[in-house]
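One letter stands for each residue in the lines below.
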Amino acid sequence: MSQSGKTQSHTRCLTEGGICVALSIALSYLKIPVMSGFGGFGGSIDFVMIPLIIFAVRWGLSWGIGAGLVFGTLKYFLASGASISWVSIIFDYGVAYAFVGFAGLFKKKYVLLPVAALVGCFARFIIHFISGITVYAQYMPEEFMGFSGMTPVLYFTLYNGTYMLPNTVIAIAICAMLIPVMKR
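Every chain's residues receive numbers from 1 upward, in the order its sequence appears when written. Given that the model is predicted, a residue must reach a pLDDT of at least 70 before its local features are reported, and side-chain atom pairs must reach 80 or more before they are shown or counted; all residues, however, enter totals for whole chains, interfaces and linings. The basis for every side-chain value is the complete set of non-hydrogen atoms in the structure, without hydrogens or water.

## Concerning the pattern of salt bridges
So, point 1. Salt bridge criterion: a side-chain nitrogen from Lys or Arg within 4 Å of a carboxyl oxygen from Asp or Glu. This structure, assessed with the given rule, holds two salt bridges.
So, point 2. R12 is the partner of E16 in a salt bridge, and the nearest nitrogen-oxygen pair spans 2.8 Å. Here E16 pairs with R12, and both are found in helix α1 (residues 3–27), just four residues apart, close to one helical turn.
So, point 3. Per-residue accessibility, obtained with a 1.4 Å probe over protein chains only, is compared with the maximum for each type, and a residue is labelled buried under 20%, exposed over 50%, and partly exposed between these values. Judged by relative accessible area, E16 falls into the buried class, the value being 15%.
So, point 4. Between E16 and R58 there is a salt bridge, with the nearest N and O atoms lying 2.7 Å from each other. On the criterion of sequence distance, the pair formed by E16 in helix α1 and R58 in helix α2 (residues 49–59) is long-range, its members being 42 residues apart.
So, point 5. Each of R12, E16 and R58 takes part in one network of salt bridges that share partners. Secondary structure elements follow DSSP: runs of H or I of four or more residues count as helices, runs of E of two or more count as strands, with numbering from the N terminus.

Okay, here's the thing in structure tokens:
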């Protein structure tokens, strides 16, 4: 590829990345909060991961991780992010959304877009889980969803699952519907 072709490709990637991050920011305002009665830490059902997943699959792992990191950081500052410390900001926003970029492991494999969505969503879940058992464990309530005597592992699996499972199902379903469009 010529130098001009590389510059055009790089410019296109950055432009698409900016558009996908902006779309994810806009989508972050359309959400269904699910955590108000579950300890108040946060969590919602939304569509923010879909543009990030599509971008990661189009441009690959490193660009996907970068776009997720930019989105997560901006989301904290622009979309009413909540945290208890700078560590929770880094984990629950920057790193968690950067890990959605693992969908980029399926670069240009549009027929596997739902699998890429599953991988990106699961990677984000893992980071939220790690953040829960390391940063938030001391704030864990005595009872959750009618269960008492919870361990941090069980609590944060259930807690993060209450919003990540619906988000994952939505992302997989929408990505499956987008396969014909993406293959063009």
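## Regarding the packing of helix α3 (residues 61–78) against helix α4 (residues 86–98)
So, point 1. Simply put, an axis is a line fit to the C-alpha atoms, just over the touching stretch for a helix, and the angle between two N-to-C directions goes from 0 to 180 degrees. At a closest axis distance of 6 Å, the pairing of α3 and α4 adopts a crossing angle of 145°. Taken as a pair, α3 and α4 cross one another with a handedness that is right-handed. Here G64, I65, G68, L69, F71, G72, T73, K75 and Y76 of α3 come into contact with α4, specifically with I89, Y93, G94, Y97 and A98.
So, point 2. Tallied by class, the residues present in the contact of α3 with α4 amount to eight nonpolar, five polar and one charged. Handedness of a helix crossing follows the sense of rotation of the near helix relative to the far helix, less than a right angle counterclockwise being left-handed and clockwise being right-handed. Throughout, a contact is declared for two residues whenever any of their heavy atoms are within 4.5 Å. Each residue receives one of three labels: charged for Asp, Glu, Lys and Arg, nonpolar for Ala, Val, Leu, Ile, Met, Phe, Trp, Tyr, Cys and Pro, and polar for the others, Gly being one of them.

## A look at the nonpolar core
So, point 1. The definition of a nonpolar core used throughout is a set of buried Ala, Val, Leu, Ile, Met, Phe, Trp, Tyr and Cys residues joined through side-chain atoms within 4.5 Å. Counting residues in hydrophobic clusters, the biggest one holds 44 residues, and the most contacted among them are M49 and I53.
So, point 2. For this core, the secondary-structure elements that each account for two or more residues are α1, α2, α3, α5 (113–136) and α6 (152–182).
So, point 3. For M49, the residues in contact, after removing those within four places along its chain, are Y97, V100, C121, R124, M164 and N167.

## Points about the environment of F99
So, point 1. Topologically, F99 is positioned in the loop between α4 and α5.
So, point 2. Residues contacting F99, with those up to four places away along its chain left out, are G120, A123, R124 and I127.

## Overview of the packing of aromatic side chains
The relation between two aromatic rings is expressed through the spacing of the ring centres and the mutual angle of the planes.
So, point 1. Stacked, tilted and edge-to-face pairs are distinguished by plane angle, under 30 degrees for stacked and over 60 for edge-to-face with tilted covering the rest, among Phe, Tyr and Trp rings (Trp via its six-membered ring) whose centres lie within 6.5 Å. Under the definition given, this model contains ten aromatic pairs.
So, point 2. Their ring planes at 25° and their centres at 6.2 Å tell us that F122 and F125 sit as a pair that is stacked. Taken together, the residues F122 and F125, both in helix α5 and three residues apart, mark about one turn of the helix.
So, point 3. Overall, F125 belongs to the buried group, its relative accessible area being 16%.
So, point 4. The interplanar angle of 80° and the centroid separation of 6.2 Å between the aromatic rings of Y159 and Y163 together place this pair among those described as edge-to-face.

## A few points about unusual backbone geometry
Backbone geometry follows two general trends: most residues other than glycine have a negative phi, and most peptide bonds adopt the trans configuration.
So, point 1. Within the chain, K108 stands out as a residue other than glycine whose phi angle is a positive 65°.
So, point 2. Structurally, the position occupied by K108 is in the loop between α4 and α5.

## Topic: a nonpolar patch on the surface
So, point 1. On the surface, Y29, V70, L74, F77 and L78 cluster together into a nonpolar patch covering about 510 Å² of accessible area.
So, point 2. Examined against the element boundaries, L74 turns out to sit in helix α3. Here, patches come from residues exposed beyond 30% relative accessible area and free of salt bridges, joined within 9 Å for like charges and within 5 Å for nonpolar side chains (Val, Leu, Ile, Met, Phe, Trp, Tyr). Where accessible areas are quoted, they stem from the Shrake-Rupley method and a 1.4 Å probe; at the residue level, only the protein chains shown are allowed to cover.

## Digging into the packing of α2 against α5
So, point 1. Look at α2 against α5: their axes get within 10 Å of each other, and the N-to-C directions meet at 115°. Note on packing geometry: the crossing formed by α2 with α5 is right-handed. On α5, the residues that touch M49, I53 and V57 of α2 are L113, A116, A117, C121 and R124.
So, point 2. Of the residues in the contact of α2 with α5, the class split is seven nonpolar, no polar and one charged.

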